[in-house]
Structure formats: structure tokens, C-alpha cells
Amino acid sequence: MVCPTPIGNLEDVTLRVLGALAAADVLACEDTRHTQRLLSRHGIEAQTVSYHEHNERARASELVGRIAGGTVVALVSDAGTPLISDPGFELVRACLAAGVAVEVLPGPCAAVTALVASGLPPDRWRFVGFLPRSRGECTRVLAGADSTLVAYESPGRLATALAGLAEVDPDRPVAVCRELTKLHEEVRRGSAAELAAHYGRERPRGEVVLVCGAAAEGAPERGEALAAVRELVAAGARPRAAAGTVARLTGVPANELYRALTDG
Ligand code: SAM
């Protein structure tokens, strides 16, 4: 059974999940001590085993054997829904491969909570997990969004991610959702330029989800292309040559790229 747990507020756990945790023979936990806090808060005693990114594969095959033999296993991560930028995929896949039923209980997920809080269109959206660490790659992902994009980001890298987007598309609407469901919850909405300036001055604390609006029509290609030109120039290419090369590959006019590069 896949059991989502709170993303901050310990009361955000469903009755069904509490029942499943109490009834399971064993809880597979990303961090057993972390889960213990939730169990104690709700008066649940349970046997736990660790199941984290470093033992996921080995533990998954061991657990599948136990589940096939009748043991009821509940899978939890430190926060939110297991598998969503968290361990669990190996276990679910191993269960399905072995013909063992997987029951998924719905519950908290920071990505969905942030999307709903962002005020950006929720009709079509894409989750990209943690943003790439390379600034150029990160800008390309954000700039190229063709629907609302939801990303996890470390507070230390948020300002850089926003600055990269602001360079190629300063007016893009974004929302930074911080410390959701916790005491210092904050949702800050604005343009990429506004939020880049804000977080450039003030490093955010706590956990952060970045929600980024879709690029205006025709703009995703241009934003991605411009990000690629900037990356090439940063790596030592001459601006005109970089604009020409990217123009040939993307179809975005070279003059337009060169002008945007030199204007910005
Ligand atoms: N499985 C989790 C889920 O369902 O949301 C995500 C786990 S991932 C390892 C942790 C990331 O989720 C954090 O770095 C942050 O980006 C986001 N996150 C988790 N809890 C959050 C919260 N209360 N407020 C804002 N972001 C949160």
C-alpha cells in the first residue's frame, strides 16, 4: 500500500492512511526516525524497515517476496506522496512485475498543492521534479514550458533559476510556494523579473516549489533558443556565431536572437 504522509502539518493525513499504517505488518520508510514522529503523534505502534534511495532495489525485491507471502507492507516517504521525487518506484514496479496488487491511497503532494495555490492555469500542467542544476539547462526547461510547469527547487538555487528565466522572458508569470501547510507558509506571485529581484535580495528559507506559467504563443522556442545562445556565449562562443548556429537548429531568426542577447 502506498501511503502519502503530510508535507508539513502533521494533521494532513487521511483517516484511511492512519488505518493502513496501524494495520500494516511492516512500514517501509524512507527514514524510520522521521516516520516515527508521525506515528507517535497519532498513537500508532508499528514495525518499520528502511527503504531509501541507497537500498531501494535490494529492499524492493526482499519486500515483494514478503508481500507475496501475505505480509501487508505500507510504503511511506518522509513527506508527501512516495515515488514523487521520492523512493518507491522500484517497489511498485517489482510488485507489478510479480503480479502483486498495489493499492495507492491518495493524499498530500507538494506539487499539486503548489499548482492549486499558484493561480496559474491548472488545466494542463507538467511536473519536472527537481530542476536541472546547470543554469543553462534549467533556463531551457523553464523558458520552454508550453503549459504550466511545476518544479521542486532548493532554496539556495531558486534565485539563480528565476534570474535565468528573467533574462530570456522577464514578464513570464511565476509563483513561488514556500513552506506549504507550515507555520510560515507563503505564496508569492509575480513576473519572473519581479521574483528574481526579490529572491536575489532575500534568500528563501525552507522548502520551495516553483510554478511557472506557459510561455506566450511561439515564445517557447524563442526562449529555449535564447537560453542556448547564452549558454554557448558563456562557454566562449562569439555572440553572432552562437546566434547563427542556434538559429539554424531551431528556426528562430538569428537577428532576433542576436538582438535579444545584446539588448539583455
Ligand atoms: N514526495 C514529496 C511530495 O509528494 O511532494 C516530495 C519530496 S521531494 C524529496 C522534496 C521537495 O518537495 C522539496 O525540496 C520541495 O521542493 C517540495 N516540498 C515538500 N514539502 C514542501 C512544502 N511543505 N512546501 C513547499 N515545498 C515542499
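In this text, all values refer to a predicted model and were calculated from it rather than measured experimentally.

What follows concerns the sheet that holds strand 8 (residues 208–212). Sheet architecture is open: five strands sit in the order 4-5-8-6-7, paired in mixed fashion. Looking along the sheet, the strands with just one partner apiece sit at the ends: strand 4 (125–130) and strand 7 (186–191). Each strand of the sheet is rotated relative to its neighbour by a mean of 15°, with strand direction disregarded. Here five bridges tie strand 6 (residues 173–178) to strand 8, and the two strands are oriented antiparallel to one another. Paired with R178 across the two strands is V208, which belongs to strand 8. Of the strands in this sheet, strand 5 (148–153), strand 6 and strand 8 touch helix 7 (residues 155–168), which is tilted by about 15° from strand 8.

In this section: the site of the ligand. Around the ligand sit 19 residues, and of these I7, D86, A110, Y152 and V208 come closest. With respect to the ligand, the side chain of E207 contributes an N or O atom lying 3.3 Å from a nitrogen atom. V208 places a polar main-chain atom, nitrogen or oxygen, 2.6 Å from an oxygen atom of the ligand. Where the shell around the ligand is concerned, the elements lending two or more residues are strand 5 and strand 8. For the shell around the ligand, a count of residues per class yields eleven nonpolar, three polar and five charged. Taken domain by domain, the shell around the ligand gets at least three of its residues from each of domain 1 (15–97) and domain 2 (110–216).

With that out of the way, let us pick up the side chain of E179. Looking at where E179 falls in the secondary structure, it is placed in the loop between strand 6 and strand 7. E179 sits in the buried class, given a relative accessible area of 14%. From its side chain, E179 meets the backbone nitrogen of E207 in a polar contact 2.8 Å long. Residue contacts for E179: discarding those within four places in its chain leaves H184, E185, R205, G206 and E207.

Turning to the pattern of salt bridges, a few remarks are in order. Where side chains of opposite charge bring their charged atoms close, a pairing between them can arise. Applying the stated criterion across every chain yields a total of 16 salt bridges. One salt bridge connects R41 with E11, and the closest N-O pair in it is separated by 2.9 Å. Of this pair, R41 sits in helix 2 (residues 32–41) while E11 sits in the segment before helix 1 (15–23); the two residues are 30 residues apart in sequence, bridging distant segments of the chain. For R41, a relative accessible area of 46% puts it in the partly exposed group. Overall, E11 belongs to the exposed group, its relative accessible area being 55%.

Bringing a nonpolar patch on the surface into the picture now. A cluster of nonpolar side chains, contributed by V112, V116 and W125, occupies part of the molecular surface with about 280 Å² of accessible area. Under the relative-accessibility criterion, V112 is labelled partly exposed at 39%.

With twelve residues, helix 10 (residues 239–250) extends 16 Å between its outermost C-alpha atoms, agreeing within 8% with the 16 Å of an ideal straight helix rising 1.5 Å per residue. When helix 10 is considered as a whole, its buried residues turn out to be A242, A243, G244, V246 and A247. Directly after helix 10, the chain includes G251, whose backbone phi takes a positive value near 85°.

Another point: the environment of E186. The topology assignment puts E186 in strand 7. In this structure the C-alpha to C-alpha distance between E186 and V208, which are 22 residues apart in sequence, comes to 9.6 Å. Residues within four places of E186 in sequence aside, it is in contact with V176, C177, R178 and Y199. A distance of 3.3 Å separates a polar atom in the side chain of E186 from a polar atom in the side chain of R188.

Attention now goes to the packing of aromatic side chains. Tallied over the full model, the rule gives two aromatic pairs. Taking 5.0 Å as the distance between ring centres and 70° as the angle between the ring planes, the aromatic pair formed by F127 and Y152 counts as edge-to-face. Pair noted here: F127 is in strand 4 and Y152 is in strand 5, with a separation of 25 residues, a long-range link. Accessibility expressed as a relative area gives 28% for F127, which makes it partly exposed. Relative accessible area serves as the criterion here: at 9%, Y152 is assigned to the buried category. Between the aromatic rings of F130 and Y152, the centroid separation amounts to 5.7 Å while the plane-to-plane angle is 65°, which identifies the pairing as edge-to-face. Taken as a pair, F130 in strand 4 and Y152 in strand 5 lie far apart in primary sequence, 22 residues in all. These aromatic residues form a ring-pair network of at least three members: F127, F130 and Y152.

How each quantity is defined
Residues numbered from 1 in each chain as written. Predicted model: local features only at pLDDT ≥ 70, side-chain atom pairs only at ≥ 80, totals over all residues. Heavy atoms only, no water. Pairing = 2+ DSSP bridges. Helix = DSSP H or I, 4+ residues; strand = E, 2+ residues; numbered from the N terminus. Axes fitted to C-alpha atoms, helices over the stretch in contact; angles between N-to-C directions. Contact = heavy atoms within 4.5 Å. Near = heavy atom within 4 Å. Polar contact = N/O pair within 3.5 Å; in protein donor to acceptor, adjacent residues only side chain to side chain. Nonpolar A, V, L, I, M, F, W, Y, C, P; charged D, E, K, R; others polar. Domains from an automatic or database assignment. Buried < 20%, exposed > 50% of the residue type's maximum accessible area, 1.4 Å probe, protein only. Salt bridge = Lys/Arg side-chain N within 4 Å of Asp/Glu carboxyl O. Patch = residues over 30% accessible without salt bridge, like charges linked within 9 Å, V, L, I, M, F, W, Y side chains within 5 Å. Areas by Shrake-Rupley, 256 points an atom, 1.4 Å probe, with all protein chains shown as cover. Expected span 1.5 Å × (residues − 1). Phe/Tyr/Trp six-rings, centres within 6.5 Å; stacked < 30°, edge-to-face > 60°.

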